[in-house]
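Coordinate analysis (summary)
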Amino acid sequence: MVSKLQLPKLQKKEDVAVTSSVIDVFYRPDKKPVSPVLGELARSLSGVIPRLREYEVAQEQREVTEQEAKADADFRKNNMKDFSALVKDGTIKAGANPYYVQKYVKNSLREKAREFEAGLFDEYDKQDILSSTNPSAFNDFYKQYASDFAAKNNLSLFDNVSMAEGFIPYVEATRSNLANQHINGRVAEIEKDQKELLRKTVEGIIFDNADIEEEDLNRALAGYENLESLDYEEKKTLFMAQSIQEEIDELIALDLDPKEANDLVVNKVIDIAKAAGNEELLDILQNIVTDKESGARLAGSYQELLLSAIFDIQAIQDNREASELRNIENGKKLRKEDTLNYFIYNEPAMLDIEKSISEYNVLLATQGQPPLNYDEILSLRALSDSYIAG
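First, a word on what this report is: a plain description of the structure on this page. (Residues numbered from 1 in each chain as written. Predicted model: local features only at pLDDT ≥ 70, side-chain atom pairs only at ≥ 80, totals over all residues. Heavy atoms only, no water.)

All right, on to the nonpolar core then. The biggest cluster of nonpolar side chains holds 29 residues, and the ones touching the most others in it are Leu198, Val265, Leu285 and Ile288. Looking at this core, the elements that each hand over two or more residues are α8 (168-208), α10 (232-253), α11 (258-276), α12 (283-286) and α13 (303-344). The element best represented in this core is α11, accounting for eight residues. If we skip the residues at most four places from it in the chain, Ile288 touches Ala241, Ile244, Gln245, Ile248, Val265, Ala296, Arg297 and Leu298. (Core = buried A, V, L, I, M, F, W, Y, C linked by side-chain atoms within 4.5 Å. Buried < 20%, exposed > 50% of the residue type's maximum accessible area, 1.4 Å probe, protein only. Helix = DSSP H or I, 4+ residues; strand = E, 2+ residues; numbered from the N terminus. Contact = heavy atoms within 4.5 Å.)

This part is about unusual backbone geometry. Residues other than glycine predominantly adopt negative phi, and peptide bonds predominantly adopt the trans conformation. The backbone phi angle of Asp128 is positive, close to 50°, even though this residue is not glycine. Along the polypeptide, Asp128 turns up in the loop between α5 (98-126) and α6 (137-152). By relative accessible area, which is 42% here, Asp128 ends up partly exposed.

This paragraph deals with the layout of surface pockets. Reported here for the second largest pocket is a volume of approximately 370 Å³. Looking at the second largest pocket, it is lined by 20 residues, and the ones nearest its centre are Glu233, Lys236, Thr237, Glu280 and Leu281. For the lining of the second largest pocket, the secondary structure elements donating two or more residues are α8, α10, α11 and α12. Broken down by element, the lining of the second largest pocket gets its largest block of residues, six residues, from α10. Tallied by class, the residues present in the lining of the second largest pocket amount to 12 nonpolar, three polar and five charged. (1 Å grid on protein atoms, 1.4 Å probe; cavity = no way out; pocket = protein on both sides within 12 Å on 5 of 7 lines; lining within 4 Å. Points joined across faces, edges and corners; volume = space filled by probe spheres on them. Nonpolar A, V, L, I, M, F, W, Y, C, P; charged D, E, K, R; others polar.)

Quick look at the pattern of salt bridges now. Opposite charge on two side chains allows them to pair when their charged atoms are near. Tallied over the full model, the rule gives 15 salt bridges. Two residues, Lys195 and Glu260, come together in a salt bridge whose shortest N-O distance is 2.8 Å. One end of the pair, Lys195, is in helix α8; the other, Glu260, is in helix α11, with 65 residues separating them in the sequence. A residue is classified by how much of its surface remains accessible, and Lys195, at 25% relative accessible area, is partly exposed. Lys259 is the salt-bridge partner of Asp263, the closest N and O atoms lying 2.8 Å from each other. You can see Asp263 and its partner Lys259 sitting in helix α11, four residues apart, about one turn around the helix. (Salt bridge = Lys/Arg side-chain N within 4 Å of Asp/Glu carboxyl O.)

This part takes up the packing of aromatic side chains. What the rule picks out here adds up to 14 aromatic pairs. Between Phe343 and Tyr360, the ring centres sit 5.4 Å apart and the planes meet at 65°, which makes this aromatic pair edge-to-face. With Phe343 in helix α13 and Tyr360 in helix α15 (residues 353-366), the pair connects residues that are 17 residues apart, well separated along the chain. Put simply, the rings of Phe116, Tyr124, Phe138, Phe141, Tyr142, Tyr145, Phe149 and Phe167 pair up and form one aromatic cluster. (Phe/Tyr/Trp six-rings, centres within 6.5 Å; stacked < 30°, edge-to-face > 60°.)

With that out of the way, let us pick up α11. Taking 1.5 Å per residue as the helical rise, α11 with its 19 residues ought to reach 27 Å, and the 27 Å between its terminal C-alpha atoms agrees with that figure. Every buried residue belonging to α11 is among Ala261, Asn262, Leu264, Val265, Val266, Lys268, Val269, Ile270, Ile272 and Ala273, and all of these are buried. The N-capping residue of α11, defined by a side-chain oxygen 3.2 Å from the backbone nitrogen of Lys259, is Asp257. Backbone geometry just after α11 places Gly277 at a positive phi near 65°. (Expected span 1.5 Å × (residues − 1). Polar contact = N/O pair within 3.5 Å; in protein donor to acceptor, adjacent residues only side chain to side chain.)

The next subject is a negative patch on the surface. Judged by side-chain charge, Asp231, Glu234, Glu280 and Asp283 come together as a negatively charged surface patch. Locating Asp283 in the fold gives a position in helix α12. (Patch = residues over 30% accessible without salt bridge, like charges linked within 9 Å, V, L, I, M, F, W, Y side chains within 5 Å. Areas by Shrake-Rupley, 256 points an atom, 1.4 Å probe, with all protein chains shown as cover. Lys, Arg positive; Asp, Glu negative; His and termini not counted. Charge placed at Lys NZ, Arg CZ, Asp CG, Glu CD.)

Nothing here speaks to function; it is all geometry.
Rendered as C-alpha cells:
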C-alpha cells in the first residue's frame, strides 16, 4: 500500500497580490441581518417569538444560495479564471460578499484540482514511472510533482478550510487512483518479465544442451536412481526436464501463477518440437513433476494438446520427407540434363566417349558431385554408338 502523501506547505512570498490574510481582512464572513432594526427586534423578541429566528436563518440561507449561484455563474463567465488573478485585476472587489468569495475560491481550487489530475497522469506517462524497478519510484515522483504544482500555483496562499473543501479531497482521490494503477501495472510488468524469463530459459535449456556430453549428464544427474539403465537420449531428456522444473518452481515461489507458468512451458516446448520436427522433445514434459506428493507430471494435464502436437509434427516430418524426395528427383533430372548437354553438343566427346567420360568425372569432382554411375555410363555409350552410326 502506497503511503498517503500530504500536499506540501510552501513558504509565502511577500510580493504576491493575495495572501491568506487578505481573505480574512476583506472577506470575513460575518453574518448581517437584513436591517439593524430587524436585528434588534429579533434579539428582544427571540425568547417570545421563536419563529422569528427561523425567519432570520431562512433569510441567511437564501443569501448563501443566491451568492453561491452568482459565484458559479461568474466563474464560468470568467472562463474559470483563478481567484487571485481576478482580485489582482480588480474584477473581484474588496468587500465582496463573503459567501460569494467562499464559493468562488472553492470553484477556483476545484479547477486547480482538475489541472493537477491531468498534469499528474501526463507527467507519470512522460517519465515512464511504471517501468522503474525502484520501489519508491512512485512516492518520489508524487512528492516532487505535488511540491512543484503547489509552488507554481501558490497554493500556500489559500486557507486550510478552502483547501480542505475545494482541493485536497480531489487530489487525494487522484493520488489514490494513480497509486492503485501503478501497483497493478507493476504487478503486470513483473509477471510479463517473469514469463519472458521463463520462455527464454526453456529455449536456452533445450538448445544449449542439444549436444551435451554424456559425462556432464552423469555428473548433473548423480544420485538419480536407475541412472545406469538410461541411454544418452533419456538422460538428456531427464536433465532438460529437471532444469526447466527448477526454473518453474523458483518463479512460482515468486508469485508467478502456476497455471500460466505451466501453459507457457508446454506451449514453448511444443513450438520447439514442431520447429525441429522432433516429437521426442515432448518427452521433456513427461518428466516435469507438478505435484511432488502424487508425482503428477506436467504432460498429464495437456494430453489433448500434446496429441495434436504429435500429429502436427508427423505431418511436418512427412512434408519434409516428401520435399527431400522431390529435391532428389529434381537433382537427378537436372544432372541428367547437364550431362546430356555436355556430351551431345561436344562432337569430340561423342567420338571418344571413354576419354570424355573420364574427363567429365574429373569435372564433377571439382564441383563436389559424385562421378557418373554405371547406368549413366551405359546410357552415354549407347548415345555415342548411335551418334557414330549416324
